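Survey of secondary and tertiary structure
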Amino acid sequence: MESKVGFKTVGIGASVRTTLVSALSEGRTVIGMANAIQQLREDPQQFVFCFMAPSEHDSGSHMQEVLLEAFCFEHDIYIIKVDSAEKLSRLVQSNELAWCALVEKPQRKESRSENILIDHCELYWDEPAKPVIKLPEK
């Protein structure tokens, strides 16, 4: 997949994995839709990324997903759609299926993988449909 300006999304999945694993080890993740909504209500400015996997597609889940995306967009939180809740759950070491995960802004400068994701998100910021990132199998 390639954007209009030639930015390739190949390898973005590895940057997602690196960012999630690093954020998890630093205690900067919020996992699950209910937890994400609660934390965003309290302080949305502390978050940089919202990773979202395809939901069950029932009307309630779809409505939460749409509202979460709108809220993140309004508060300048980068939305990164990923291909699998199972893979996302594994990366964030969740025993339950994780449909979304928030990552707080780092205390220090962003890592290289976070900067790659920020550049990727900036390219697609105004696009109505965000590209879906294929997460690594392992």
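Parameters at a glance
- Residues numbered from 1 in each chain as written.
- Predicted model: local features only at pLDDT ≥ 70, side-chain atom pairs only at ≥ 80, totals over all residues.
- Heavy atoms only, no water.
- Salt bridge = Lys/Arg side-chain N within 4 Å of Asp/Glu carboxyl O.
- Helix = DSSP H or I, 4+ residues; strand = E, 2+ residues; numbered from the N terminus.
- Buried < 20%, exposed > 50% of the residue type's maximum accessible area, 1.4 Å probe, protein only.
- Expected span 1.5 Å × (residues − 1).
- Arc of directions from axis to C-beta.
- Contact = heavy atoms within 4.5 Å.

Applying the stated criterion to the full structure yields seven salt bridges. Here Glu26 makes a salt bridge to Arg108, at a shortest N to O gap of 2.9 Å. You can see Glu26 sitting in the loop between α1 (12-25) and β1 (29-31) and its partner Arg108 sitting in the loop between β4 (100-104) and α5 (112-123), a full 82 residues away along the chain. Residue Glu26 is classed as partly exposed on the basis of its relative accessible area, which comes to 36%. A single salt-bridge network, built from bridges that share partners, covers Glu26, Arg28, Arg108 and Glu114.

Here we take up α5. The end-to-end C-alpha distance of α5 is 17 Å, a good match for the 16 Å that twelve residues give at a rise of 1.5 Å each. Looking at α5, one finds that the buried residues are Ser113, Glu114, Leu117, Ile118, His120 and Cys121. The arc that holds the buried residues of α5, viewed along the axis, is 160°, so those residues lie on one side. If you follow the buried residues of α5, they end up packed against α1, β2 (47-52), β3 (78-82) and β5 (132-133).

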